Amino acid sequence: MKKELLFESYVFLFKIEITLVSIIEKEMTTHYGHLWRQIFFAEGGTHLCDNLPLLFRLNLLQDIFTDHELHDLWILVDIKNSLNQKLTISQDDFDRLKYFSHQLNRKKSLSLSI
């Protein structure tokens with residue numbers, strides 16, 4: 001994988017995580033109040049993807065994201081793990097990051113405008 005694509009992959013991952021946090025922050029604050037971070041991030045790592053299994057067991061978040069989006073999030077975690085281990089990712093994985101980043105930004109725009 002070229003260095004430019006590797007860098008872009010990290011940029012997309014960063015944007016995806018920021019967008020996910022924005023979407024989740026809005027929904028969790030609405031339903032659990034401002035202490036939701038302390039409730040759900042007390043255990044586990046510091047990265048959002050480390051806590052996805054916990055967060056997506058909640059019916060609330062399963063209502064926000066489609067089954068296809070949830071599946072894409074699990075693939076996203078695999079891609080991030082590969083990059084963290086300094087492994088190369090395929091062009092398909094890169095394209096998936098790019099596509100999912102755009103999809104989440106659109107979902108964020110719709111979520112925040114409601």
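Residues numbered from 1 in each chain as written. Predicted model: local features only at pLDDT ≥ 70, side-chain atom pairs only at ≥ 80, totals over all residues. Heavy atoms only, no water.

**Student:** Would you explain the nonpolar core in this entry?
**Tutor:** Soluble globular proteins tend to pack their nonpolar side chains together in the buried interior. Among the nonpolar cores identified, the biggest contains 22 residues, and I16, L20, F65, L76, L97 and L104 are the most heavily contacted of them. Going through the elements one at a time, helix 1 (3-32), helix 4 (59-64), helix 5 (67-84) and helix 6 (91-113) are the ones with two or more residues in this core. In terms of residue count, helix 1 provides more of this core than any other element does, seven residues in total. (Core = buried A, V, L, I, M, F, W, Y, C linked by side-chain atoms within 4.5 Å. Buried < 20%, exposed > 50% of the residue type's maximum accessible area, 1.4 Å probe, protein only. Helix = DSSP H or I, 4+ residues; strand = E, 2+ residues; numbered from the N terminus.)

**Student:** Sorry if this is basic, but what is going on with the environment of F100 here?
**Tutor:** On the secondary structure map, F100 appears in helix 6. Accessibility expressed as a relative area gives 4% for F100, which makes it buried. The spacing of F100 and I16 is 84 residues in sequence and 7.6 Å in space, taken between C-alpha atoms.

**Student:** How should I be thinking about the packing of aromatic side chains in this particular structure?
**Tutor:** Aromatic ring pairs are defined here through the distance separating the ring centres and the angle between the ring planes. The final tally for this structure, using the stated rule, is one aromatic pair. On the basis of an interplanar angle of 65° and a centroid distance of 5.8 Å, the ring pair of F12 and F94 is categorised as edge-to-face. Of this pair, F12 sits in helix 1 while F94 sits in helix 6, and the two are 82 residues apart along the sequence. Like F94, F12 is buried. (Phe/Tyr/Trp six-rings, centres within 6.5 Å; stacked < 30°, edge-to-face > 60°.)

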